[in-house]
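As a plain string of letters, each chain reads:
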Amino acid sequence: MNLERYPILDHHRLDGKPVVPFALMAEWFGHGALHENPGLVLHGFDDLRVLKGIRLDKKKKLVRMMAGKASKNGSAY
């Protein structure tokens, strides 16, 4: 991930450094969950928060998203 490939990130800055917006991270999490659990529908997120954001600098950043299989919780997964 870098500014050349994702120029929109240049418009999201903290302390002058470009950062990945929380909304974009949430979208990635949702896509990852759906990819790993085909046929299910994403209902939403509970207790989602950023502990440390993704700050971009001159170097490329590798961002890895991992998701596991859904587990049943009552009538939902």
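This is a predicted model, so every value here is computed, not measured. (Residues numbered from 1 in each chain as written. Predicted model: local features only at pLDDT ≥ 70, side-chain atom pairs only at ≥ 80, totals over all residues. Heavy atoms only, no water.)

## What to know about the layout of surface pockets
Part 1: The computed volume of the largest pocket comes to approximately 510 Å³.
Part 2: If you trace the largest pocket, you find 17 residues lining it, with Val41, Leu42, His43, Gly44 and Tyr77 closest to the centre.
Part 3: Here the residues of the lining of the largest pocket sort into 11 nonpolar, 4 polar and 2 charged. (1 Å grid on protein atoms, 1.4 Å probe; cavity = no way out; pocket = protein on both sides within 12 Å on 5 of 7 lines; lining within 4 Å. Points joined across faces, edges and corners; volume = space filled by probe spheres on them. Nonpolar A, V, L, I, M, F, W, Y, C, P; charged D, E, K, R; others polar.)

## Focus on the pattern of salt bridges
Part 1: If you walk through the whole model with that rule in mind, you get 2 salt bridges.
Part 2: Close ionic contact of aspartate 10 with arginine 13 constitutes a salt bridge, the shortest N to O distance being 2.3 Å.
Part 3: Owing to a relative accessible area of 33%, aspartate 10 belongs among the partly exposed residues under this scheme.
Part 4: With a closest N to O distance of 4.0 Å, arginine 55 and aspartate 15 form a salt bridge. Taken together, the residues span a long stretch of sequence, with arginine 55 in the segment after helix H1 (22–36) and aspartate 15 in the loop between strand S1 (13–14) and strand S2 (17–18) at a distance of 40 residues. (Salt bridge = Lys/Arg side-chain N within 4 Å of Asp/Glu carboxyl O. Buried < 20%, exposed > 50% of the residue type's maximum accessible area, 1.4 Å probe, protein only. Helix = DSSP H or I, 4+ residues; strand = E, 2+ residues; numbered from the N terminus.)

## A look at a nonpolar patch on the surface
Part 1: A grouping of Phe22, Phe29, Leu34, Leu42, Phe45, Leu48, Val50 and Met65 is seen on the molecular surface, where their side chains present a nonpolar patch of about 620 Å² in accessible area.
Part 2: Relative to the assigned elements, leucine 34 resides in helix H1.
Part 3: Using a relative accessible area of 35% as the deciding quantity, one classes leucine 34 as partly exposed. (Patch = residues over 30% accessible without salt bridge, like charges linked within 9 Å, V, L, I, M, F, W, Y side chains within 5 Å. Areas by Shrake-Rupley, 256 points an atom, 1.4 Å probe, with all protein chains shown as cover.)

## Here's the deal with the environment of glycine 30
Part 1: For glycine 30, the position within the fold is in helix H1.
Part 2: By relative accessible area, which is 5% here, glycine 30 ends up buried.
Part 3: As a C-alpha pair, glycine 30 and lysine 52 span 22 residues in sequence and 19 Å in three-dimensional space.
Part 4: With residues up to four places along the chain from it excluded, the contact list for glycine 30 reads Leu42 and Phe45. (Contact = heavy atoms within 4.5 Å.)

## Section: the nonpolar core
Soluble, globular proteins show a tendency: their nonpolar side chains are buried together.
Part 1: Counting residues in each nonpolar core, the largest one holds 6 residues, listed as Met1, Leu9, Val20, Met25, Ile54 and Leu56.
Part 2: Setting aside chain neighbours within four positions, we find isoleucine 54 in contact with Pro18, Val19, Val20, Met25 and Val63. (Core = buried A, V, L, I, M, F, W, Y, C linked by side-chain atoms within 4.5 Å.)

## Digging into the confidence of the model for the chain
Part 1: Confidence in the prediction of the chain, expressed as mean pLDDT, is 84, and 100% of residues score 70 or more.
Part 2: Within the chain, the element-level pLDDT minimum falls on H1, averaging 87, and the maximum on S1, averaging 89. (pLDDT = per-residue confidence, 0-100.)

## Some remarks on unusual backbone geometry
Part 1: Phi at aspartate 15 takes a positive value of approximately 50 degrees, unusual for a residue other than glycine.
Part 2: Owing to a relative accessible area of 73%, aspartate 15 belongs among the exposed residues under this scheme.
Part 3: Despite not being glycine, aspartate 47 has its phi angle at roughly 55 degrees, a positive value.
Part 4: Of note, aspartate 47 is situated in the segment after H1.
Part 5: Under the relative-accessibility criterion, aspartate 47 is labelled exposed at 76%.

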